[in-house]
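Take a look at the letters that make up each chain.
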Amino acid sequence: MKLLFANVVLIAVQALRSDAHRQSMFNDAPSGSAPSSSSPLDPSGETWSEKYGGQPDLGFTGPLAFSHLPYARCLEDASPAFDIALLGMPFDTAVTYRPGARFGPTGIRIGSRRIHRERAWSLSWGLDPYKQGLEVIDCGDVPLSPFDNALALDQMQVAYSTLLQRDVARPNPEGMVGSTRPFAKDNKEHPKIVTLGGDHTIVLPILRSLNKVYGPISVIHFDAHLDSWEPRRGANQLTVQSRITHGSFFYIAREEGLLSNTNVHAGIRCKMSSEDDLVTDGEFVGFEFVSTDDIDDVGINEVIRRIRARVGDGPVYLSLDIDVIDPGLAPATGTPEAGGWTTREVKRIIRGLAGLNFVGADVVEVAPAYDHADITSIAAADIVHDFLSLLVSAQPPKPRGERKPQRAQDEL
């Protein structure tokens, strides 16, 4: 005890001597003089720009735009030109279990902060999606009503159609990768929109918008659930609007003639009433499916082959519910189902779909309130980055051993 007291006294005396020494240095300086300018950390006499240059965003700073992209309120300002737009739809009032996906667009943007458009080359794709000659911007979020679903769905459709009808930024779109002109009714090039959800119901107004430009389209649907259940009249469905939920929107889309008959689910593993659900899904709504377990039986390459063969050469929309990933890896979602694919498996399948005629894509059902350490938001953001790479690629990336050597980039 005496030894401990002596050590404390010694430390205190040393601190006092050090403080006295520093004070004497200031007292010895001439009155009104500044500290010596020889120190490289002396800020006197220089502005920030003179000494340090610009004010770049760090991974954890700056405005909240996806991957630090240029941000614009595109719905009220038509001046920003783009070829691909990120658009948030913060909607979650048609869910059947846990709400919270209205915070999905913000969560995905937070998950993207370590990706930067000046540092976006990936080993998996062998390219940087922002250096392929296309203009990509974040168009912010649609200001949706949280009180009236009919109003919110109309707001989403009007917002999506507004951006879909904008002129593309690239001056010579013909012949470039992913041209939409061959499929458009008006024979014009239209931009592509990657939507950040929001619960899965947002796809219905998106399909309504796309139908005006392309007619019926094929859908690749990554999800644990079918989302094509026939609305059944009951205690919870007493109005026309109540038929539309995140579990029935594909059925409604088929009723409205928005879908082709060549759609495909990927990652299905939900519980069902009976096999009759699959009959409705296939015979009426027009889906085939790849189950979660199929990946163990046939492998990733066969999963990719089946998806590509199903949708063919027409216009394709890609919709990904984050619950396709196992909840152990992506817990922040409204209706988690055990036994899902890994993030790596999903990303690998997405790469295998490059070269299809995509006209848009989304990531939905991210509900950050149920997350841990942002792992779901990070996974969703990385998948969005894959979507951007997908939209600028003419074919799947070759295995690394078959590519031309490239300079490696430090990812730390």
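Residues numbered from 1 in each chain as written. Predicted model: local features only at pLDDT ≥ 70, side-chain atom pairs only at ≥ 80, totals over all residues. Heavy atoms only, no water.

1. Considerations on the packing of aromatic side chains
Here comes step 1: Summed over the entire model, instances satisfying the criterion amount to four aromatic pairs.
Here comes step 2: For the pair F250 and F287, a centre-to-centre distance of 5.0 Å together with 55° between the ring planes defines the contact as tilted. Of the two residues, F250 is situated in helix α6 (residues 249-255) and F287 in strand β6 (residues 287-291); the sequence distance between them amounts to 37 residues. Note on accessibility: F250 and F287 belong to one class, buried.
Here comes step 3: When the ring of Y251 is compared with that of F284, the centres are 4.8 Å apart and the planes differ by 40°; the resulting orientation is tilted. With Y251 in helix α6 and F284 in helix α7 (residues 276-284), this residue pair connects regions lying 33 residues apart in the sequence.
Here comes step 4: Counting every residue linked through ring pairs, the aromatic cluster contains F249, F250 and F287.
Here comes step 5: Directly above the aromatic system of Y370 lies the positively charged group of R98, at a separation of 4.1 Å from the ring centroid. (Phe/Tyr/Trp six-rings, centres within 6.5 Å; stacked < 30°, edge-to-face > 60°. Helix = DSSP H or I, 4+ residues; strand = E, 2+ residues; numbered from the N terminus. Buried < 20%, exposed > 50% of the residue type's maximum accessible area, 1.4 Å probe, protein only. Lys NZ or Arg CZ within 6 Å of the ring centre and 35° of its normal.)

2. Quick look at the state of the cysteines
Here comes step 1: Applying the stated criterion across every chain yields a total of one disulfide.
Here comes step 2: Put simply, C74 and C139 are joined by a disulfide, and their sulfur atoms are 2.2 Å apart. Taking the sign of the S-S torsion, about -75° here, the bridge from C74 to C139 comes out left-handed. You can see C74 sitting in the loop between α2 (48-52) and β1 (84-89) and its partner C139 sitting in strand β2 (residues 136-141), a full 65 residues away along the chain. Exposure class is identical for C74 and C139. Each is buried. (Disulfide = S-S within 2.5 Å.)

3. Concerning the nonpolar core
Here comes step 1: Within the largest apolar cluster, 50 residues are counted, with the highest numbers of intra-cluster contacts made by I220, F222, L320 and W341.
Here comes step 2: Residues in contact with L320, not counting those within four places in the same chain, are F222, V346, I350, D362, V363, V364, I383 and F387.
Here comes step 3: One finds A152, L164, L204 and V219 within the second-largest nonpolar core, a separate group that totals 44 residues. (Core = buried A, V, L, I, M, F, W, Y, C linked by side-chain atoms within 4.5 Å. Contact = heavy atoms within 4.5 Å.)

4. Describing the sheet that holds strand β8 (residues 357-364)
Here comes step 1: On the basis of which strands lie adjacent, the open sheet formed by eight strands has the order β2-β1-β3-β8-β7-β4-β5-β6 and parallel pairing. In the strand order of this sheet, the two ends are held by β2 and β6, each with one partner. Averaged over all adjacent pairs, the angle separating strand axes in this sheet is 15°, with direction ignored.
Here comes step 2: Pairing of strand β5 (residues 263-268) with β6 involves five bridges; the strand directions are parallel. Residue H265 lies in a different strand from β6, and its bridge partner there is F289. (Pairing = 2+ DSSP bridges. Axes fitted to C-alpha atoms, helices over the stretch in contact; angles between N-to-C directions.)

5. A short note on the pairing of β5
Here comes step 1: Among the six residues that make up β5, six are buried, leaving the element largely enclosed by the rest of the structure.
Here comes step 2: As paired strands, strand β4 (residues 218-222) and β5 are joined by three bridges and run parallel to one another. Bridging from a neighbouring strand, F222 pairs with A266 of β5.

6. Quick look at the packing of helix α10 (residues 343-351) against helix α11 (residues 375-391)
Here comes step 1: It is at 10 Å that the axes of α10 and α11 come closest, and there the two elements cross at 10°. Judged by the angle between their axes, α10 and α11 are roughly parallel. Of α11, the residues touching α10 (which contributes T343, V346, K347 and I350) are A379, D382, I383, D386, F387 and L390.
Here comes step 2: Across the contact of α10 with α11, the residue classes tally to six nonpolar, one polar and three charged. (Parallel < 35°, antiparallel > 145°, perpendicular 65-115°, else oblique. Nonpolar A, V, L, I, M, F, W, Y, C, P; charged D, E, K, R; others polar.)

7. Quick word on the confidence of the model for the protein
Here comes step 1: Residues with a pLDDT of 70 or more make up 84% of the protein, whose mean pLDDT is 88.
Here comes step 2: Per-residue pLDDT stays below 50 along residues 8-13; that stretch engages in zero contacts with residues further than four places along the chain or on separate chains.
Here comes step 3: Confidence drops under a pLDDT of 50 for residues 15-38, and excluding neighbours within four residues, the segment shows two contacts in the predicted structure. (pLDDT = per-residue confidence, 0-100.)

8. Here we look at empty space enclosed by the protein
Over the atoms, a rolled probe matching the size of one water molecule traces out where space is still vacant.
Here comes step 1: Evaluation of the coordinates by the stated rule reveals one cavity of 30 Å³ or more.
Here comes step 2: When its volume is computed, the largest cavity comes out at roughly 60 Å³.
Here comes step 3: Lining the largest cavity are D83, I84, L134, R170, V177, G178, T180, E189, H190, P191, K192 and L391.
Here comes step 4: The class makeup of the residues in the lining of the largest cavity is five nonpolar, three polar and four charged. (1 Å grid on protein atoms, 1.4 Å probe; cavity = no way out; pocket = protein on both sides within 12 Å on 5 of 7 lines; lining within 4 Å. Points joined across faces, edges and corners; volume = space filled by probe spheres on them.)

9. Structural notes on the packing of helix α3 (residues 104-111) against α11
Here comes step 1: The interhelical angle for the contact between α3 and α11, taken along N-to-C directions, is 80°, at an axis separation of 7 Å. The angle between α3 and α11 falls in the class roughly perpendicular. Residues G107, I108 and G111 of α3 lie in contact with α11, whose contacting residues are S377, I378, A380, A381 and V384.
Here comes step 2: Tallied by class, the residues present in the contact of α3 with α11 amount to five nonpolar, three polar and no charged.

10. What about the pattern of salt bridges?
Here comes step 1: Within this structure, the stated rule accounts for 13 salt bridges.
Here comes step 2: The partner of E255 in a salt bridge is R243, with the nearest N and O atoms 3.1 Å apart. You can see E255 sitting in helix α6 and its partner R243 sitting in the loop between β4 and α6, a full 12 residues away along the chain.
Here comes step 3: Judged by relative accessible area, R243 falls into the partly exposed class, the value being 27%.
Here comes step 4: Close ionic contact of D386 with K347 constitutes a salt bridge, the shortest N to O distance being 2.7 Å. Here D386, found in helix α11, pairs with K347, found in helix α10; they are 39 residues apart in sequence, far enough to count as distant.
Here comes step 5: In the salt-bridge network here, residues are joined through shared partners; they are D83, R170 and E189. (Salt bridge = Lys/Arg side-chain N within 4 Å of Asp/Glu carboxyl O.)

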